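Reading the structure
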Amino acid sequence: MGRVSRRVFATAALAALATMPQASAAPGRHGSGAPGGPGRGGAGAAGEMRGVWLATVANRDWPSRPGLSAAQQHAELTAHLDAAVRARLNTVILQVRPTADALWPSPYEPWSQYLTGTQGRHPGWDPLGTAVTEAHARGLELHAWFNPYRVALHADPARLAASHPARENPDWVVPHGGKLYYDPGLPEVRAFVREAVLDAVRRYPVDAVHFDDYFYPYPVPGQTFDDDRSHDAHGGAFPDRAAWRRDNVDRLVRETAAGIREVRPGTRFGISPFGVWRNADADALGSRTRAGVQTYDDLHADTRRWARENWIDYICPQLYWHIGFAAADYAELLPWWAEVVRGSGTQLYLGEALYKAGDPAQPAAWQDPAELSRHLALAGKYAAARGHVFFAARELAADPVGAMARVVADHYRQPATPPR
């Protein structure tokens, strides 16, 4: 398919967005009641999330390396799906847009370099389309995972494919911390990201759209994200830059949710943020933590609001700390998040650090294969906790110290359907 003109696209997309409501709270998901009320799959629905993230960025989980043949990539993919089935999971969250690129034939963005080793080169098959078919054939849900703003893990635009939107629109791009990002403060960037995501939703019956924890980039000591130009153009109505940035991210979330409802009703929308919204010493509503990063302040992502006001179908905070960890105790954050979603209609799943189990660089708690099983046992005491998602597929397959086997033996003896 020929690549669309970004300038033509931006004009059309911005015109479309101008007609969309910009209410401070999105209506209840899928037309299920009053604004902010329970959406489909709310607290009363049956099912349990048992998921795994399948990361493609930097070939983290899959493909194992770039340049494999289509048949080899397909075989590796189905092996990961089969591993999920063996562990009695029911959902795979596949990263399909790791760095402003695509694992499907997108008219907006180039093929991902993590497939062939060369950005823009056709891999000889359709990974996302195949993944949806193969997952559904195994009784698994397939959630398509998109990173909204990351362009590259390096800072050289010349290394991007010649047709890359970041090269055709260099004013959209901000270098920061040795990487490239789209500027969330530009309405045309937000419109473009939304349409790039919705292209996949139009093409494939994905069960959900999934955003990760990257909105504005994580802080880099001694560096400031340089969005002066977009702030000067668009930030005048806000009391400070932080409030303007949060509004930019809020708009992306609302507009993406509205687009999903329009394009494929019934497809869910979930977000997996960093596990700490704000520390209690910064905000009385925050958690009793002392985390070095707070999503509200550092990533400008008001994750608590999105859940409380039911802008999204599910939230899956990354609670990647052990029980008893002083700065961010799993046992403190679990009830805090359970309270956040109470009465909202937003489902709560817990992101679990399977990758830490048995890692000698991690604290002693992670050397115990039973640590993750204890997380699930604790979560079982909270009705709002509707399941768990494990990071990530590579560790699910290898399970070096048997932590996942312990979870399965203790908690997943029988299959379970995902929440709806």
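Higher on the page you've got the structure.
How each quantity is defined
Residues numbered from 1 in each chain as written. Predicted model: local features only at pLDDT ≥ 70, side-chain atom pairs only at ≥ 80, totals over all residues. Heavy atoms only, no water. Pairing = 2+ DSSP bridges. Helix = DSSP H or I, 4+ residues; strand = E, 2+ residues; numbered from the N terminus. Contact = heavy atoms within 4.5 Å. Axes fitted to C-alpha atoms, helices over the stretch in contact; angles between N-to-C directions. Buried < 20%, exposed > 50% of the residue type's maximum accessible area, 1.4 Å probe, protein only. Right-handed = clockwise from strand over helix to strand, strands pointing away.

**What to know about the sheet that holds strand S8 (residues 268–271)**
Strand order in this closed barrel of eight strands is S1-S2-S3-S7-S8-S9-S10-S11, and the pairing throughout is parallel. Summarising the sheet, strand S7 (residues 208–211) and S8 pair through four bridges and their orientation is parallel. Residue pairing in the sheet places Phe-211 in a bridge with Ile-271 of S8. The sheet contacts of helix H11 (residues 330–341) involve strand S9 (314–315), strand S10 (347–352) and strand S11 (385–390), and relative to S10 the element is tilted by about 160°. Sheet strands touched by helix H12 (residues 371–379): S10 and S11. Its angle to S11, the strand with the most contacts, is close to 165°.

**A word on the pairing of strand S2 (residues 91–97)**
Counting buried residues in S2 gives seven out of seven residues, a clear majority hidden from the surface. Where strand S1 (residues 49–54) lies against S2, four bridges are found, and the strand directions are parallel. Each bridged residue has a counterpart across the sheet, and for Val-52 the counterpart in S2 is Val-92. A crossover links S1 with its parallel partner S2, the connecting element being helix H2 (residues 70–86), and its sense is right-handed. Across six bridges, S2 lies against strand S3 (residues 141–146) in parallel orientation. Pairing of Gln-95 across the sheet is with Trp-145, part of S3.

**Some thoughts on the pairing of S10**
S10 sits mainly inside the fold: six of its six residues count as buried. Neither face of S10 is exposed, since Gln-347, Tyr-349 and Gly-351 on one face and Leu-348, Leu-350 and Glu-352 on the opposite face are all buried. Bridge count between S9 and S10: two bridges; the pairing is parallel. Directly across from Tyr-314, in S10, lies its bridge partner Gln-347. For the handedness criterion, the β-α-β arrangement of S9, H11 and S10 is classed as right-handed. Pairing of S10 with S11, which is carried by four bridges, proceeds in the parallel orientation. Residue Gly-351 lies in a different strand from S11, and its bridge partner there is Val-389. In this region the chain leaves S10, passes through H12 and returns to the parallel neighbour S11; the handedness of that crossover is right-handed.

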